[in-house]
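# Structural description and commentary
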Amino acid sequence: MAMEANLGLKSVCLNLDIAAQAIVGARAAFLPQLRSQVQRSTSESQASSFTQVSSGTISNSSVNVSTGLGQQLPWYGASYSLAWNNSRSATSSVGATFNPTLASSFSFSFAQPLLQGFKTDSNRVGLETSERQKEITDLDLQAQIVSLQAQVRIAYLNLIAAVEGQKVVGQNMGSAQEALHHAVSSVAVGTLAQIDVT
């Protein structure tokens, strides 16, 4: 009960939750990132040569779709990225060799620093700092719990000592009253002087 009611302990528990969230935030730098883009464009223009005069206006349209995946790795500053690009172009021009024109490309890249950023970088330092801060907060919580348990034990022992002290005081009071009663009886019989009772 003392542990649930202790505000200092609740504060340290909240600090532990904050430290855990900081670790989650620091690890987010190493999550893969997926991105995608769709682009569509159309245009119309007047014929610019005598071979295109019959068509009047020339329409061009294109659709580009690109998808990529990239990730900063938590080891030695390495990172990779994948990209896949697709496009389709169509025109109403009479002189176009291929209509529609399709294109696709795929690329992969891997980067590994050899000097700067190989041993450490800001993302890895942030993650390590967050993990150490959580360990410190966890130890602080354990120290608070041990301290609170010791305080509760001491308070319990002080309570037992006070109760036992009260019993001793009660026994002493009983003995004193019995001695007083015996002295009053002795005065009544005449074996003891009145002045000796006080």
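Here the focus is the overall build of the protein. When you go through the protein residue by residue, the secondary structure sums to 3 helices and 4 strands. Helices and strands appear in the protein in the N-to-C order α-α-β-β-β-β-α. Scaling as 2.2 N^0.38, a compact globule of 198 residues should have a C-alpha radius of gyration of about 16 Å, whereas the protein reaches 44 Å, well beyond that. Oriented by its inertia axes, the alpha-carbon framework of the protein measures out at about 155 × 45 × 20 Å. The 198 residues of the protein split such that 16% are buried. In the protein, of all internal contacts separated by at least 6 residues, the share reaching a separation of at least 24 is 59%. For the protein, the exposed surface amounts to about 14,800 Å²; the carbon and sulfur share of it is 61%. Measuring between centres, the 11 positive side-chain charges of the protein sit 19 Å from its 12 negative side-chain charges.

Glancing now at the nonpolar core. For soluble globular proteins, nonpolar side chains are generally found buried alongside one another. Listed in full, the 5 residues of the largest apolar core are L9, V12, L16, L141 and L148. When residues of this core are traced back to their parent elements, those giving at least two are α2 (7–27) and α3 (122–189). The biggest single contributor to this core is α2, with 3 residues. Discounting residues that sit within four places of it in the chain, L141 has contacts with L9, V12, C13 and L16.

Time to look at the packing of aromatic side chains. For the structure on display, the rule yields 1 aromatic pair. Ring centres of Y76 and F118 lie 5.1 Å apart, and the angle between their planes is 20°; on these two criteria the pair is classed as stacked. Here the residue Y76 occupies a position in the loop between β2 (57–72) and β3 (79–91), and F118 occupies one in the loop between β4 (101–111) and α3, the gap between them amounting to 42 residues.

With that out of the way, let us pick up the pairing of strand β1 (residues 33–46). Along any regular strand the residues' side chains alternate between the sheet's two faces. Within β1, only 0 of the 14 residues are buried, leaving the element largely exposed. Both β1 and β2 contribute to a ladder of 14 bridges, which runs antiparallel. Paired with S45 across the two strands is I58, which belongs to β2.

The N-to-C vectors of α2 and α3 enclose an angle of 165°; their axes lie 9 Å apart at closest approach. Viewed along their axes, α2 and α3 adopt a mutual orientation that is roughly antiparallel. Of the two possible hands of crossing, α2 and α3 adopt the one that is left-handed. In the contact of α2 with α3, the residues fall into 13 nonpolar, 6 polar and 5 charged.

Bringing the side chain of S62 into the picture now. With respect to the helices and strands, S62 occurs in strand β2. On the basis of relative accessible area, S62 is assigned to the buried category, the value being 18%. A polar contact is formed between the side chain of S62 and the side chain of S41, at a distance of 2.8 Å. In contact with S62, other than residues within four places in its own chain, are Q39, R40, S41, R88 and S89.

Counted according to the given criterion, the structure contains 4 salt bridges. Residues R124 and D121 are paired through a salt bridge, measuring 3.3 Å at the closest nitrogen-oxygen approach. Under the relative-accessibility criterion, R124 is labelled buried at 13%. Across the pair K167 and E164 runs a salt bridge, and its minimum N-O distance is 3.4 Å. Taken together, the positions of K167 and E164, both in helix α3 and 3 residues apart, correspond to about one turn of that helix.

Calculation criteria
Once a new chain begins, its residue numbering starts again from 1 and follows that chain's sequence as written. Since the coordinates come from a predicted model, pLDDT governs what is reported: local features require at least 70, and pairs of side-chain atoms require 80 or more to be given and counted, while whole-chain, interface and lining totals use all residues. Neither water nor hydrogens contribute to the side-chain values; these are computed over all heavy atoms in the structure. By definition, any uninterrupted DSSP run of H or I lasting at least four residues is a helix, any uninterrupted run of E lasting at least two residues is a strand, and each is numbered from the N terminus. Radius of gyration here uses only the C-alpha atoms, and the compact-globule reference equals 2.2 Å multiplied by the residue count raised to the power 0.38. Categorising residues by exposure relies on relative accessible area from a 1.4 Å probe, with only protein chains included: less than 20% of the type maximum marks a residue as buried, more than 50% marks it as exposed, and the intermediate range marks it as partly exposed. Contacts: residue pairs with any heavy atoms within 4.5 Å of one another. All accessible-area figures derive from a Shrake-Rupley calculation using a 1.4 Å probe, and residue coverage is judged against the displayed protein chains alone. This count recognises Lys and Arg as positive and Asp and Glu as negative, with His and chain-terminal groups excluded. By convention, charge coordinates are those of NZ in Lys, CZ in Arg, CG in Asp, or CD in Glu. What we call a nonpolar core is a set of buried Ala, Val, Leu, Ile, Met, Phe, Trp, Tyr and Cys residues that are connected through their side-chain atoms within 4.5 Å. Planes of paired rings set the category: under 30 degrees apart is stacked, over 60 is edge-to-face and the rest tilted, where pairs are Phe, Tyr or Trp rings (Trp by its six-membered ring) whose centres lie within 6.5 Å. The pairing criterion is simple: DSSP has to find at least two bridges between the two strands. A fitted line through C-alpha atoms represents every axis, and for helices the fit uses only the stretch in contact; the resulting angles, taken between N-to-C directions, go from 0 to 180 degrees. Every angle not falling under 35 degrees, over 145, or within 65 to 115 is termed oblique; those three ranges are roughly parallel, roughly antiparallel and roughly perpendicular. Should the near helix be turned counterclockwise from the far one by less than a right angle, the crossing is left-handed, whereas a clockwise turn marks it as right-handed. In this count, Pro and Cys sit with the nonpolar residues alongside Ala, Val, Leu, Ile, Met, Phe, Trp and Tyr, while Asp, Glu, Lys and Arg are called charged and the others, Gly among them, polar. Polar contacts here mean pairs of N or O atoms no more than 3.5 Å apart (in protein, one a potential hydrogen donor and the other a potential acceptor; neighbouring residues in sequence count only if both atoms are side-chain atoms). For this analysis, a salt bridge means a side-chain nitrogen from Lys or Arg found within 4 Å of a carboxyl oxygen belonging to Asp or Glu.

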